[in-house]
Amino acid sequence: MNDVLRLSGVSVVRGAKTLLDGVDWKVREGERWVVLGPNGAGKTTLLQLAAARMHPTRGTVQILDETLGRVDVFDLRPRIGLASAALANQIPEHEKVLNVVVTAAYGVTGRWREAYEKDDERRAFGLLNEWGMGPLLGRVFSTLSEGERKRVQIARALMTDPELLLLDEPGAGLDLGGREELVYKLSELAQDEFAPALVLVTHHLEEVPPGFTHALLLRDGHVVAEGEIDGVLTEKNLSETFGLPLDVAANAGRYTAVRRATAGAAV
Ligand SMILES: Nc1ncnc2c1ncn2[C@@H]1O[C@H](COP(=O)(O)OP(=O)(O)OP(=O)(O)O)[C@@H](O)[C@H]1O
Ligand SMILES: [Mg+2]
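Residues numbered from 1 in each chain as written. Chains lettered and ligands numbered in written order. Predicted model: local features only at pLDDT ≥ 70, side-chain atom pairs only at ≥ 80, totals over all residues.

The protein has the name Iron ABC transporter ATP-binding protein in an unreviewed UniProt entry, where Sinomonas humi is given as its organism.

Peer 1: Is there a simple way to think about the pairing of strand β12 (residues 254-259) in this case?
Peer 2: In the case of a regular strand, side chains alternate between the two sheet surfaces. In this structure, strand β11 (residues 246-251) lies alongside β12, joined through six bridges in antiparallel fashion. Bridge pairing in β12 links N251 to R254. In this structure, the hairpin formed by β11 and β12 is closed by a connection of two residues, where A252 is found at a positive phi of approximately 50°. (Pairing = 2+ DSSP bridges. Helix = DSSP H or I, 4+ residues; strand = E, 2+ residues; numbered from the N terminus.)

Peer 1: Would you take a moment to explain helix α1 (residues 43-50) for this structure?
Peer 2: Burial within α1 is extensive, with seven of its eight residues counted as buried. Within α1, burial applies to K43, T45, L46, L47, Q48, L49 and A50. Where α1 terminates, the next one or two residues include A52, which has phi positive at roughly 60°. (Buried ≥ 20, exposed ≤ 12 C-beta atoms within 10 Å, placed from the backbone.)

Peer 1: I would appreciate a short explanation of helix α7 (residues 176-190) in the present structure.
Peer 2: It helps to recall that an α-helix has 3.6 residues per turn; residues three or four apart then point in one direction. With 15 residues, α7 should cover 21 Å at 1.5 Å per step; its first-to-last C-alpha distance of 21 Å lies within 8% of that length. Listed in full, the buried residues belonging to α7 are L182, V183, L186 and L189. Taken around the axis of α7, the buried residues stretch over an arc of 120°, which confines them to a single face. Exposed side of α7, more than 90 degrees from the buried face: L176, G177 and Y184 are the residues found there. Close packing links the buried residues of α7 with α6 (146-158) and β8 (197-202). (Expected span 1.5 Å × (residues − 1). Arc of directions from axis to C-beta. Contact = placed C-beta atoms within 7 Å.)

Peer 1: I tried to follow the environment of V223 on my own but got confused; where do I start?
Peer 2: By the element assignment, V223 lies in strand β10 (residues 222-228). Taking the C-alpha atoms as reference points, V223 and R254, 31 residues apart in sequence, are found 23 Å from one another. Not counting the four nearest positions on each side in its chain, V223 is found in contact with V23, L216 and L218.

Peer 1: Help me understand the site of ligand 1 in this model?
Peer 2: Residues in close proximity to ligand 1 total 13 residues, the closest being R14, G40, K43, T44 and T45. Elements represented by at least two residues in the shell around ligand 1 include exactly β2 (17-28) and α1. By residue number, the principal contributor to the shell around ligand 1 is α1, which donates three residues. Along the lines of polarity and charge, the residues of the shell around ligand 1 split into two nonpolar, eight polar and three charged. (Near = placed C-beta within 6 Å. Nonpolar A, V, L, I, M, F, W, Y, C, P; charged D, E, K, R; others polar.)

Peer 1: Help me out: how do you make sense of the sheet that holds strand β9 (residues 214-219) in this one?
Peer 2: Pairing is mixed across the open sheet formed by six strands, whose spatial order is β6-β7-β8-β3-β9-β10. The sheet is open, and its two edges are formed by β6 (80-83) and β10, each paired on a single side. Looking at each pair of strands side by side, their axes are set apart by 15° on average, direction ignored. In terms of strand pairing, strand β3 (residues 32-36) meets β9 through four bridges, oriented parallel. Residue L36 lies in a different strand from β9, and its bridge partner there is L217. Sheet contacts for α6: β6 and β7 (164-168); angle to β6, the most-contacted strand, approximately 165°. (Axes fitted to C-alpha atoms, helices over the stretch in contact; angles between N-to-C directions.)

What follows is the structure, given as structure tokens:
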């Protein structure tokens, strides 16, 4: 299996703050990773590196056999799908749903030419249908519900048929039904052998879709644990990552975590 992503000794420093500290991480073709950690752990920073949207202060980042710093990132970015709040914020207020997806083919947000290739429109339409958004393709993006927006963003991230798909908290702001729909769809994607390598960032163990194969836990810019999912999502590792004693349960591929009831229980 080929490496899709390889970080070696990667640190990101901004002023006095170390956002990531000596991170080593490999993602191979076919793997489905979940990245978990508390607020400020460095998850978004990690995805920004993986999306070729940030360079490390130290260490090397290799993405799809290219090394950041030695490649034109504008050639690399279409090979990587990214859905994040920061990207969604760049979508112009009056943009139609179909255009939000189709513009990914041109590496932009916001309609920039009058006529798109018919093939691109067909692909965007197909992806919106797959994500249950076909009926809403003529709507203005800003009028969609949070859950609908997330699905459009994922369809957009898939538009260029990327080799690596990065999702930064796609479940944020969703109600129970919305979250469960998303987890179901992501689980389907995880089990699709033709789907790209996946990296999903979340705060919530309940959002880990069945079929995800690996996990990376981050705290204060450090990797607490990484590897095959069952070995990583343990009570010990998760308690250390989130800084409180947790009881963790796994049932039919889904995980839950709650604070351990016993006062003063050891972490
Ligand atoms: N330019 C910057 N200068 C200083 N600190 C920064 C800068 N950018 C990010 N940080 C800090 O780096 C830390 C990691 O940020 P990051 O966005 O990667 O965290 P995160 O794990 O994605 O958090 P969240 O779960 O809240 O999204 C945070 O404490 C953040 O405030
Ligand atoms: Mg973040």
